[in-house]
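Chain residues, written in single-letter form:
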Amino acid sequence: AAAFARGNVRLNEFLYRRADIEDVTEAHLLAARHAAEAGPGPFVVSATTPFVREDLAELGSDAQAALARSVPEHALVYERLGWRMFPAIGRVYDSAAARHALGWTPKHDYRSMLARVSDGRPPASDLALAVGEKGYHRKDQLSRRPLPS
């Protein structure tokens, strides 16, 4: 990931593991409201992936090909920005159980974030931008964080 631009990494991660704080908050509120009927978790809370089960083998060796098939419109945006897909993805988090059990529909996924990036915005919701990035996300700030007393 160090060889990729930060926005490129974050957008790529919406394909298989990332979730926006707006969607995470909504999933937690729904879980609190519907705990009894939702049944036992835990539930995976991540953006809805565009990949299907048949893509899994190819994702491990040629993630670009799987992405080109699933979301072909990404190519023009990536080319314009000089971005690229990771060579491989080892696992894909599937939020289908959370969507079904909680009645949760994430607003933000790879396609919505691709549209934001295409419009010159970062791959994050307005809420995520308002909340901002915390120091624990940045390796260069880890050593400067005070330890809790």
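Please read these numbers as outputs of a predicted model, since none were measured by experiment.

**Student:** Looking at this model, I keep getting lost on the nonpolar core. Mind explaining?
**Tutor:** The tendency in soluble globular proteins is for nonpolar side chains to be buried side by side. Core analysis: the biggest nonpolar cluster contains 23 residues, and Leu11, Leu15, Met85, Ile89, Tyr110 and Leu114 have the highest contact counts within it. Secondary structure elements with two or more residues in this core: α1 (6-13), α5 (63-70), α6 (74-81) and α8 (110-118). Ranked by the residues each element gives to this core, the list is headed by α8, at four residues. Dropping the residues within four chain positions of it, Leu11 is found in contact with Tyr78, Trp83, Tyr110, Met113, Leu114, Val117 and Pro123.

**Student:** Even after reading the chapter, I still don't get the layout of surface pockets, so can you show me in this structure?
**Tutor:** The probe, sized like a water molecule, is rolled over the atoms to show the empty space still left. Taken as a whole, the second largest pocket spans an internal volume of roughly 160 Å³. Together, Thr49, Phe51, Val52, Arg53, Leu56, Val92 and Asp94 line the second largest pocket. Here the lining of the second largest pocket is built from residues that sort into four nonpolar, one polar and two charged.

**Student:** Is there a simple way to explain α8 in this structure?
**Tutor:** Three- or four-residue spacings in an α-helix give side chains the same orientation, since the helix completes a turn every 3.6 residues. For α8, the set of buried residues is Tyr110, Met113, Leu114, Arg116 and Val117. The arc that holds every buried residue of α8, seen down its axis, measures 160°, which confines them to one face. Each element contacted by the buried residues of α8 is listed here: α1, α5, α6 and α9 (126-131). Backbone nitrogen of Arg111 and a side-chain oxygen of the N-cap are separated by 3.2 Å at the start of α8; the cap is Asp109.

**Student:** Sorry if this is basic, but what is going on with a nonpolar patch on the surface here?
**Tutor:** Among the surface-exposed residues, Ile21, Leu127 and Val131 lie close enough to one another that they form a single nonpolar patch of about 210 Å² accessible area. Residue placement: Ile21 occurs in helix α2 (residues 21-33). Its relative accessible area of 34% is what places Ile21 among the partly exposed residues.

Definitions and limits used
- Each chain has its residues counted from 1, following the order in which its sequence is written.
- Confidence filtering applies because this is a predicted model: local features only for residues at pLDDT of at least 70, side-chain atom pairs given and counted only at 80 or more, and all residues used for totals across whole chains, interfaces and linings.
- Based on all heavy atoms of the structure, the side-chain values leave hydrogens and waters out of the count.
- Here, nonpolar core means buried Ala, Val, Leu, Ile, Met, Phe, Trp, Tyr and Cys residues that are tied together by side-chain atoms lying within 4.5 Å of each other.
- Whether a residue is buried, partly exposed or exposed follows from its accessible area with a 1.4 Å probe, protein chains only, as a fraction of its type maximum: under 20%, in between, or over 50%, in that order.
- Secondary structure is summarised from DSSP: a helix means a run of H or I of at least four residues, a strand means a run of E of at least two, and numbering begins at the N terminus for each.
- Should any heavy atoms of two residues lie within 4.5 Å, those residues are counted as being in contact.
- Points on a 1 Å grid over protein atoms alone make up a cavity when a 1.4 Å probe fits among them but cannot get out, and a pocket when they form an open set with protein on both sides within 12 Å along at least five of seven lines; lining residues each have an atom within 4 Å of a point.
- Grid points are joined across faces, edges and corners, and a volume is the space filled by probe spheres set on the points.
- Residues are grouped as follows: Ala, Val, Leu, Ile, Met, Phe, Trp, Tyr, Cys and Pro are nonpolar; Asp, Glu, Lys and Arg are charged; all remaining types, including Gly, are polar.
- Of all possible arcs, the one meant is that of the directions from the helix axis to the C-beta atoms.
- N or O atoms within 3.5 Å of each other form a polar contact, as long as, within protein, one can give a hydrogen and the other can take it, and as long as residues adjacent in sequence are counted only when both atoms are side-chain atoms.
- Each patch is built from residues lacking any salt bridge and having more than 30% relative accessible area; the joining distance is 9 Å for like charges and 5 Å for nonpolar side chains (Val, Leu, Ile, Met, Phe, Trp, Tyr).
- Using a 1.4 Å probe, the Shrake-Rupley method yields the accessible areas, and only the shown protein chains count as cover for residues.
- Just to be clear on terms, a salt bridge is a Lys or Arg side-chain nitrogen sitting within 4 Å of an Asp or Glu carboxyl oxygen.

Such coordinate-based values are descriptive only and should not be taken to indicate function.
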